[in-house]
Amino acid sequence: MRVLLLGADGFIGRRVTDRLLVDQELQVTVLGRRDSADIRFDLTTGSPGALARFLDAVAPQVVINCAGATYGSSRTLIRANTLAVATVCEAIRRSREPARLVHVGSAAEYGPVPGGVPVSEGAEPRPVGPYGVSKLAGTELVLASGLDAAVLRVFDVVGPGAPTASLFGRLAEGLRRALEREESQVRMPDLSGYRDFVDVRDVARAIRAAAVSAATGVINIGSGHAVRAREAAQLLVRASGFEGAIVEENRPVLLPAQAGVPVEHPDRHGDRHGDRDRPPHHPGHRSAESRPAEGRGPAGEPVPWRQADVRTARDRLGWRTQVPLEESLGDVWLETACRV
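Counting of residues starts from 1 at the beginning of each chain's written sequence and follows it residue by residue. Totals for whole chains, interfaces and linings use all residues, but because this is a predicted model, local features are given only for residues with pLDDT of at least 70 and pairs of side-chain atoms are given and counted only at 80 or more. The side-chain quantities take in all heavy atoms of the structure and omit both hydrogens and water.

Caption draft 1: Structural view of the overall build of the protein chain. The numbering of helices and of strands both runs from the N terminus, where a helix is a DSSP run of H or I of at least 4 residues and a strand a run of E of at least 2. Along its length, the protein chain carries 9 helices and 14 strands. In this scheme, a residue with accessible area under 20% of its type's maximum is buried, one over 50% is exposed, and one in between is partly exposed, where area comes from a 1.4 Å probe on protein chains only. Here the protein chain holds 340 residues, and the buried ones make up 54% of them. Any two residues whose heavy atoms approach within 4.5 Å at even a single point are treated as in contact. For the protein chain, the proportion of contacts with a sequence separation of at least 24, taken over those separated by at least 6, is 75%. In the structure as shown, the protein chain presents an accessible area of about 15,600 Å², 49% of it carried by carbon and sulfur atoms. Residue-level accessible areas treat just the shown protein chains as cover; the underlying method is Shrake-Rupley with a 1.4 Å probe.

Okay, here's the thing in structure tokens:
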């Protein structure tokens, strides 16, 4: 099968490239802005007609779009996440043999969801901020294109190669500096929210599965578990061996980070996972008696909640996660610790 990969240099794209290149059944061509690409092309400035000519030359059976921007101005996000997608869709429509399209979307397209409730693909998207809006616009373009297309709404991606601007990329860098300088604290943003963390290598497997499947429409890609970011951060802290404290911005309480020491915090019992299939050793596990209702803290204030309903991915792609969160964050630390 001939595959054209867009966005091979990004966090997800690099792992997708690794996954596809070891598959002897796939013939992979990379299109992008860098010299390492097989075809040099800028999706944010290039025309659909020019891209269609490249498609006719390569004749891919599947186009995988991992390109896009996570950070930047509203203009940057719209150009990378919306305009570029419009270019891809139009180019595929103009090509002689329109390819199947697998587009990487984002859980940010859903926006805020009720605490304790796994979000399904049928949920009404209500994105907040330019990133979520630009990604949703890209998804809507794909769904309205009339192409043979699947959109994978990926939840919170972690693992080796995590950008330093990401939550755990930032924490890993902070831990490395603190250990080098013998500092006793690392400052982080508020970690009280719940997220659905999925390893980037599992995401690459999902994208490969979607590429060779006949599945269309939106498909959630996540672990299916909501984990408090604070507990996930402690897994990374333990991997690093840091014995100081994590100080959350706008929260006065210091979190002891010694491995194996319970976090003493006013809402340390404010966890729930919303999935009865979670094994007891999972980082987000709590007994039923200690789980608050609807993802709220002890004072009743709502906390951000993100958890994927992953039944569609299991049923239509035959996919489920394989890399445990602890292993994923351990790999983040190993990669960071090796940087000089």
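Back to the text.
Caption draft 2: Up close: the packing of helix H7 (residues 229-240) against helix H9 (residues 325-337). H9 packs onto H7 with a crossing angle of 50° between their chain directions and a minimal axis gap of 9 Å. Put simply, H7 runs oblique to H9. Classified by chirality, the crossing of H9 by H7 is right-handed. Contacts between H7 and H9 involve Ala-232, Leu-235, Leu-236, Ala-239 and Ser-240 on the former and, on the latter, Leu-325, Glu-326, Leu-329, Gly-330 and Trp-333. Think of each axis as a best-fit line through the C-alpha atoms, taken over the contacting stretch in the case of a helix, with angles from 0 to 180 degrees between the N-to-C directions. Note on terminology: angles under 35 degrees are roughly parallel, angles over 145 are roughly antiparallel, angles of 65 to 115 are roughly perpendicular, and the others are oblique. We call a crossing left-handed when the near helix sits turned anticlockwise from the far one by less than a right angle, and right-handed when that turn is clockwise.

Caption draft 3: Looking closely at the packing of helix H5 (residues 167-181) against H9. Taken N-terminus to C-terminus, the directions of H5 and H9 make an angle of 50°; their axes are 10 Å apart at the nearest point. Judged by the inter-axis angle, H5 sits oblique to H9. Between H5 and H9 lies a crossing of right-handed hand. From H5, Phe-168, Ala-172, Glu-173, Leu-175, Arg-176 and Leu-179 reach across to H9, where they touch Leu-329, Val-332, Trp-333 and Thr-336.

Caption draft 4: Expanded view of H9. Given the number of residues in a helix, its expected span is that number minus one, multiplied by 1.5 Å. In this model H9 runs 18 Å from its N-terminal to its C-terminal C-alpha over 13 residues, within 8% of the 18 Å that 1.5 Å per residue would give. Restricting attention to buried positions, one finds in H9 the residues Leu-325, Ser-328, Leu-329, Val-332, Trp-333 and Thr-336. Summarising the axial view, the buried residues of H9 lie within an arc of 140°, below the 170-degree limit, and thus occupy one face. Across from the buried face of H9, at angles greater than 90 degrees, the exposed residues are Glu-326 and Leu-334. The arc under discussion is defined with respect to the helix axis, by the directions toward the C-beta atoms.

Caption draft 5: Quick look at the pattern of salt bridges. We count a salt bridge whenever a side-chain nitrogen from Lys or Arg sits within 4 Å of a carboxyl oxygen from Asp or Glu. The tally for this structure, following the rule as stated, stands at 22 salt bridges. In this structure, the salt-bridge partner of Asp-156 is Arg-195, at a minimum N-O distance of 3.6 Å. A residue pair is termed long-range when its members are at least 10 positions apart, and Asp-156 in strand E7 (residues 156-158) and Arg-195 in strand E9 (residues 194-195) qualify at 39 residues. The exposure class of Asp-156 is buried, given its relative accessible area of 10%. One network of salt bridges, with partners in common, ties together Glu-173, Arg-176, Arg-177 and Glu-180.

Caption draft 6: View of the side chain of Ser-95. Tracing the chain through its elements places Ser-95 in the loop between helix H3 (74-94) and strand E5 (100-106). On the basis of relative accessibility, which here comes to 7%, the residue Ser-95 falls in the buried class. A polar side-chain atom of Ser-95 sits 2.6 Å from the main-chain carbonyl oxygen of Ile-92. Polar contacts, as used here, are pairs of N or O atoms within 3.5 Å; protein pairs need one atom able to donate a hydrogen and one able to accept it. Residues neighboring in sequence count only if both atoms are side-chain atoms.

Caption draft 7: Summary view of the nonpolar core. By size, the foremost hydrophobic cluster in this structure holds 37 residues, and its most contacted members are Leu-6, Leu-31, Leu-43, Val-63, Val-88 and Leu-101. Of all the secondary structure elements, the ones that give two or more residues to this core are strand E1 (2-6), helix H2 (48-58), H3 and strand E6 (149-154). The dominant element in this core, judged by the number of residues it contributes, is H3, at 6 residues. Each residue touching Val-63, except ones within four places of it in the same chain, is listed here: Leu-4, Leu-6, Leu-55, Val-88, Ile-92, Ala-99, Arg-100, Leu-101 and Val-102. Among the buried residues, those of types Ala, Val, Leu, Ile, Met, Phe, Trp, Tyr and Cys that are joined through side-chain atoms within 4.5 Å form a nonpolar core. Within the second largest apolar cluster, 34 residues are counted, among which are Val-154, Val-203, Ile-219 and Leu-317.

Caption draft 8: Quick peek at the pairing of strand E4 (residues 62-65). Here E4 shows a buried face lined by Val-62 and Ile-64 and a second buried face lined by Val-63 and Asn-65. Strands pair, by our definition, only if DSSP identifies at least two bridges between them. With 4 bridges joining them, E1 and E4 adopt parallel strand pairing. Paired with Leu-6 across the two strands is Asn-65, which belongs to E4. Bridging between E4 and E5 involves 4 bridges; their strand directions are parallel. Bridge pairing links Val-63 to Leu-101 in E5.

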